[in-house]
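Chain by chain, the residues run as shown.
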Amino acid sequence: MDRNIENRLVALESRLAHHEKMADELSDVLASQQQTIDLLTSQVRQLRSRVRELETGYERSPQDDRPPPHY
């Protein structure tokens, strides 16, 4: 095989190995981010549920609408 072609082939194989490693690393980062998103989504749902529970359990009284005494 021609030396020039062999050098080009080695360079291409090196680039391919680099790109495969980079794709694997990006995949790992993406999986980690998805886990974080799933966790945060679950926490937001729980917080919404607690806020709804607190809102339904809280009854407003006419005193709540009056301004404070210093006005």
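Here the structure is a predicted model, which means the values were calculated and not measured.

When its secondary structure is counted, the protein chain shows one helix and zero strands. Going through the 71 residues of the protein chain one by one, you find that 0% of them count as buried. For the protein chain, the computed accessible surface area is about 7300 Å², with 54% contributed by carbon and sulfur atoms.

Before going further, it helps to spend a moment on the pattern of salt bridges. By the definition in use, this model includes two salt bridges. Residues arginine 3 and glutamate 6 are paired through a salt bridge, measuring 3.8 Å at the closest nitrogen-oxygen approach. Highlighted residues: arginine 3 and glutamate 6, both in helix α1 (residues 3-57), separated by three residues, approximately one helical turn. According to the relative accessible area criterion, glutamate 6 is partly exposed, its value standing at 35%. One salt bridge connects glutamate 25 with lysine 21, and the closest N-O pair in it is separated by 3.7 Å. One end of the pair, glutamate 25, and the other, lysine 21, are both in helix α1, four residues apart, so they sit about a helical turn from each other. Overall, the relative accessible area of 53% leaves lysine 21 in the exposed class.

Rules used throughout
Residues numbered from 1 in each chain as written. Predicted model: local features only at pLDDT ≥ 70, side-chain atom pairs only at ≥ 80, totals over all residues. Heavy atoms only, no water. Helix = DSSP H or I, 4+ residues; strand = E, 2+ residues; numbered from the N terminus. Buried < 20%, exposed > 50% of the residue type's maximum accessible area, 1.4 Å probe, protein only. Areas by Shrake-Rupley, 256 points an atom, 1.4 Å probe, with all protein chains shown as cover. Salt bridge = Lys/Arg side-chain N within 4 Å of Asp/Glu carboxyl O.

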